[in-house]
Amino acid sequence: EPAKPAPPPMTKVGPNLFRIGEIEINTATRGVSVPRRINEVTVLEWVATTKDGRKGYERAITLQGDAVSYNTAMLLIGLDKSRARVPERHFDPIPPAGDPVDIFVEWTRNGEKTRVGVDQLLWDREKLALLPLGAWVYTGSSFMDGRYLAESDGTLIGFVHSPAPIIEQVSGAAVGRFGRIVLNPNLGLTTEVPLTVIVKNRAPAKP
């Protein structure tokens, strides 16, 4: 397997504002934003993966950047892996734990700006309803045989209780339900609509 390029350097672009490639970090609002577009896929297991990740065929959104840089951004907004409980296997029935985060997806279409919680992207086609989700937490991914799974799999934000993503969903509403979760058709999102994915640290700020 060819060696991956080194992550881009972090640069300061303003007061409390940093950038790693296309990942923007605001340490004052404790938020991270990444521009991207929706994917054309039929089944979802991940909200977001990296461009070169192995799991791209099951992702709603491809985010610019690499997993190491994305995790660095999470650390810069104060998320702490020492408080995480990472799923031990795919479809782990035991919920993950960690610092809480809010995730939003934002886009402008026909001059109108829309922002929704990431839960609004996930549609249960068996029940013809939004997937009942809820809390999202930072787990930081995990290592296996010396590999950082978020990097090797390219998984950044997941919802099926897997050890690989950097952020996971707590409820487990999609665990063991492969093939039933798709992109919400009611949003009308297409590959032409530019998106921004925003993650914010919900944990109380340290004094």
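Residues numbered from 1 in each chain as written. Predicted model: local features only at pLDDT ≥ 70, side-chain atom pairs only at ≥ 80, totals over all residues. Heavy atoms only, no water.

What follows deals with the overall build of the protein. The helix and strand inventory of the protein stands at two helices and 17 strands. For 207 residues, the compact-globule estimate of 2.2 N^0.38 gives 17 Å, and the C-alpha radius of gyration of the protein, at 16 Å, lies within 12% of that figure. Dimensions of the protein, computed from C-alpha atoms along their principal axes, come out at roughly 45 × 45 × 40 Å. When the 207 residues of the protein are sorted by exposure, 49% land in the buried category. Long-range pairs, those at least 24 residues apart, make up 64% of the contacts in the protein with a sequence separation of at least 6. Looking at the protein as shown, the accessible area adds up to about 10,000 Å², and 54% of this sits on carbon and sulfur atoms. Distance from the positive charge centre (25 side chains) to the negative charge centre (23 side chains) of the protein: 3 Å. (Helix = DSSP H or I, 4+ residues; strand = E, 2+ residues; numbered from the N terminus. Rg over C-alpha atoms; globule rule 2.2 N^0.38 Å. Buried < 20%, exposed > 50% of the residue type's maximum accessible area, 1.4 Å probe, protein only. Contact = heavy atoms within 4.5 Å. Areas by Shrake-Rupley, 256 points an atom, 1.4 Å probe, with all protein chains shown as cover. Lys, Arg positive; Asp, Glu negative; His and termini not counted. Charge placed at Lys NZ, Arg CZ, Asp CG, Glu CD.)

It is worth spelling out the pattern of salt bridges at this point. Summed over the entire model, instances satisfying the criterion amount to 10 salt bridges. The shortest N-O distance in the salt bridge between D80 and R83 comes to 3.5 Å. Among the salt bridges present, the one from E106 reaches K113, with a minimum N-O distance of 3.6 Å. Assessed through its relative accessible area of 16%, E106 is described here as buried. When salt bridges with common partners are traced through the structure, they connect D124, E126, R177 and R180 into a single cluster. (Salt bridge = Lys/Arg side-chain N within 4 Å of Asp/Glu carboxyl O.)

Here we take up the packing of aromatic side chains. One pass over the full model with this rule turns up one aromatic pair. For the ring pair F143 and Y148, a centre distance of 5.1 Å and an interplane angle of 35° mean the geometry is tilted. (Phe/Tyr/Trp six-rings, centres within 6.5 Å; stacked < 30°, edge-to-face > 60°.)

For the rest of this paragraph, the subject is the nonpolar core. Grouped together as the largest cluster of nonpolar side chains are 49 residues, with contacts concentrated most on I61, Y70, L122, W136, I157, F159 and I166. Ignoring any residue separated from it by four or fewer positions in sequence, one finds F159 in contact with L44, E45, W46, V47, L122, L131, W136, E168, Q169, A174 and I181. (Core = buried A, V, L, I, M, F, W, Y, C linked by side-chain atoms within 4.5 Å.)

Another aspect to go through is the sheet that holds strand 16 (residues 181–183). Pairing is antiparallel in the open sheet, where three strands are placed in the order 10-9-16. Where the open sheet ends on each side, the last strands, each with one partner, are strand 10 (129–130) and strand 16. Of the pairings in the sheet, the one linking strand 9 (residues 122–124) to strand 16 comprises three bridges and is antiparallel in character. Directly across from W123, in strand 16, lies its bridge partner V182. (Pairing = 2+ DSSP bridges.)

The residue L128 is not glycine, and still its phi comes out positive at about 55°. By secondary structure assignment, the location of L128 is in the loop between strand 9 and strand 10.

Quick look at the environment of G179 now. Here G179 shows up in the loop between strand 15 (167–169) and strand 16. Of the residues examined, G179 reaches a relative accessible area of 19% and is grouped as buried. Counting along the chain gives 54 residues from G179 to R125, while the straight-line C-alpha distance between them is 8.9 Å. Setting aside chain neighbours within four positions, we find G179 in contact with V43 and R125.

Quick look at the confidence of the model for the protein now. As a general rule, the predicted coordinates of low-pLDDT regions are not to be interpreted in detail. Taken as a whole, the protein shows an average pLDDT of 88; of its residues, 93% reach a score of 70 or greater. Across the protein, the secondary-structure element scoring lowest on mean pLDDT is strand 6 (residues 59–63), at 79, and the one scoring highest is strand 11 (residues 136–138), at 97. (pLDDT = per-residue confidence, 0-100.)

As for its position among the elements, S162 is in the loop between strand 14 (155–158) and strand 15. S162 sits in the buried class, given a relative accessible area of 5%. In contact with S162, not counting residues within four places along its chain, are W46, P87, R89, H90 and E168.

Summarising the element assignment, E106 is placed in strand 7 (residues 99–109). As a C-alpha pair, E106 and T11 span 95 residues in sequence and 24 Å in three-dimensional space. In this view, E106 contacts K113, T114, R115, P194, L195, T196 and I198; residues no more than four positions away in its chain are not counted. Among the polar contacts listed, one links the side chain of E106 to the side chain of R115, at a separation of 2.9 Å. (Polar contact = N/O pair within 3.5 Å; in protein donor to acceptor, adjacent residues only side chain to side chain.)

Our next topic: the environment of E168. Tracing the chain through its elements places E168 in strand 15. C-alpha of E168 to C-alpha of R115: the two residues are 53 residues apart in sequence and 20 Å apart in space. Polar side-chain contacts of E168 include one of 3.1 Å to the backbone nitrogen of H161.

By the burial criterion, the buried members of helix 1 (residues 67–76) are A67, S69, Y70, N71, A73 and M74. Positive phi shows up at G78, right after helix 1, with a value of about 95°.

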